[in-house]
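# Inside the fold
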Amino acid sequence: MESTEREFFRTIREAIFSNPFGERRIALDRMAAGMTKGASVEELLARLVEKVGGMVAGVESRPSQPLSSEEVELLNYGKLFHTFHLFCDDYDAHIQEQVKKGDECIPITFGRDILSRLDEQGFGAEDSKRYLALFFQMRRAFYFIRMIAGESKCVMDLRRALWNNVFTGDILLYDRYLQGRMEDFSTMILGETGTGKGMAAGAIGRSGFIPYNARKNRFTESFAKAFISINLSQYPDQLIESELFGHKKGAFTGAVEAHLGVFSRCSPCGAIFLDEIGDVEVPIQIKLLQVLQARFFSPVGSHRREKFQGRVIAATNKDLNKLREEGAFRDDFYYRLCSDLIEIPPLRTRIGQNPEELRVLLGVVLQRIVGGHAGELVDPIHEQIVLQQPENYGWPGNIRELEQCVRRMLLSKKYDWKQTGVDNSNELVRAVNEGRYTASQLLSRYCRLLYEQNGTYEGVARIMDLDRRTVKKYVQSAEEL
């Protein structure tokens, strides 16, 4: 290889290992493609794929020049990058069709084409099958994470966090050590009611690694079937254990037949989403902790032990630290459940960071309501909302409230605005301009304002670059001012 080729393929390798929702990945793609910031993402990617294919062909056309071990590795990364992007549209079509079919696992019409191509490029049969499945996993994760609309900083941060949750911060580490072993990394999703915690959980839960069965030309399982969701707040305490772990016939009054719980129905490739985990009583927390630690459970009324091999994702709109302080949420359960903690930003924060976010979300909501493209409806409804809503409206119901607002606007062109909190940002600005606060008071007020916007001490701590306990102290002291 020439030195320029080595540097090019090193850039491609770094791009492969980078988070596709991160700024670094975009910069690497531009660098490799030799294109400026003015180019669209589609133009950039098309140019890059064409260039990688040409560079691979150029190196392989010089067989008389032996390659070093590093150069062979770099060339292979180029081949994988090129093959993956050639079939992205096919993967997307397959994902859409699988969503329609649900639990029924459909054939992958282009699977043998990928295997044949990889075989021609010198990859072994087993490696080729693994790469085909890894390509599918990466495209699935990208597909579902990208569905979280918005370009505010907090949403871009969220998309990066979700990708890292699926593949870790280093996809090479994931590929070598953790592929098929992510069940030990439970995840807690925090956020106010209506922010979209279920959508974030679905993006993770539908993006697990699913092996490819070459004989059947199918993946071993439908990703739609692999994700199981249960809202724990809708079940009385006496039934939650049965819904989670199942029960045998006659286990209790009314158990006229055996029942499979969500832990029994979850596959090794799958994930269980335990929504409203903050509502679960301590005895159930203890049993869930035992499952997470030992990976075994028993249905109600049975001594038979069953193995659980899936992944657990949980969510709550409650302040877990407050629940822990009150003894309502066990510390050991918290630590075992929270291998990763992801916060979903409230709508007011998203709009505050990027006012155009409202218009983007209106497009998504309207498409969902009318069942198709409704771009011509976005501007008139956006105009009505901007004209009618109170100043600094906080959207207490978040995306769910926005959907209700759009429906009301479609029906009657008006909405009953209910501001549940007071925005203190204007008061804070006035106080600063008038010089009424000491440094400590200003910090307390600002922390309080951020807490009202973000809803958690952890979120404020990240913004302020302070310890969570320090933030809590300032927020509480602001209440006394």
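Everything that follows concerns the structure shown earlier in this document.
Predicted model, so just to flag it, every value in this text is computed and none were measured.

Attention now moves to the nonpolar core. With 55 residues, the main nonpolar core has Y91, L132, L162, W163, F167, Y174 and F219 as its most contacted residues. Residues within four places of Y174 in sequence aside, it is in contact with L134, Q137, V166, F167, T168, Q179, G180, M182 and F209. Among the nonpolar cores identified, the runner-up in size contains 31 residues, and M188, L289, F297 and L337 belong to it.

Next up on the list: the pattern of salt bridges. Pairing between side chains becomes possible if they bear opposite charge and their charged atoms approach one another. For the coordinates displayed, the defined rule picks out 29 salt bridges. We note a salt bridge from E60 to K79, for which the minimum N-O separation is 2.9 Å. Of the two residues, E60 sits in helix α3 (residues 41-60) while K79 sits in helix α4 (residues 69-86), which places them 19 residues apart along the sequence. E151 serves as the salt-bridge partner of R159, at 3.5 Å between the closest nitrogen and oxygen. Owing to a relative accessible area of 7%, R159 belongs among the buried residues under this scheme. A residue is classified by how much of its surface remains accessible, and E151, at 49% relative accessible area, is partly exposed. One network of salt bridges, in which partners are shared, links E7, R10 and E70.

Taking strand neighbours across the sheet as the criterion, the 5 strands line up as β4-β5-β8-β1-β9 in an open arrangement whose pairing is parallel. Of all strands in the sheet, those bounded by a partner on one side alone are β4 (227-231) and β9 (340-343). Ignoring which end each strand starts from, the neighbouring axes of this sheet average 20° apart.

Thresholds, definitions, all that
- Residues numbered from 1 in each chain as written.
- Predicted model: local features only at pLDDT ≥ 70, side-chain atom pairs only at ≥ 80, totals over all residues.
- Heavy atoms only, no water.
- Core = buried A, V, L, I, M, F, W, Y, C linked by side-chain atoms within 4.5 Å.
- Buried < 20%, exposed > 50% of the residue type's maximum accessible area, 1.4 Å probe, protein only.
- Contact = heavy atoms within 4.5 Å.
- Salt bridge = Lys/Arg side-chain N within 4 Å of Asp/Glu carboxyl O.
- Helix = DSSP H or I, 4+ residues; strand = E, 2+ residues; numbered from the N terminus.
- Pairing = 2+ DSSP bridges.
- Axes fitted to C-alpha atoms, helices over the stretch in contact; angles between N-to-C directions.

By themselves, these figures tell us nothing about what the structure is for.
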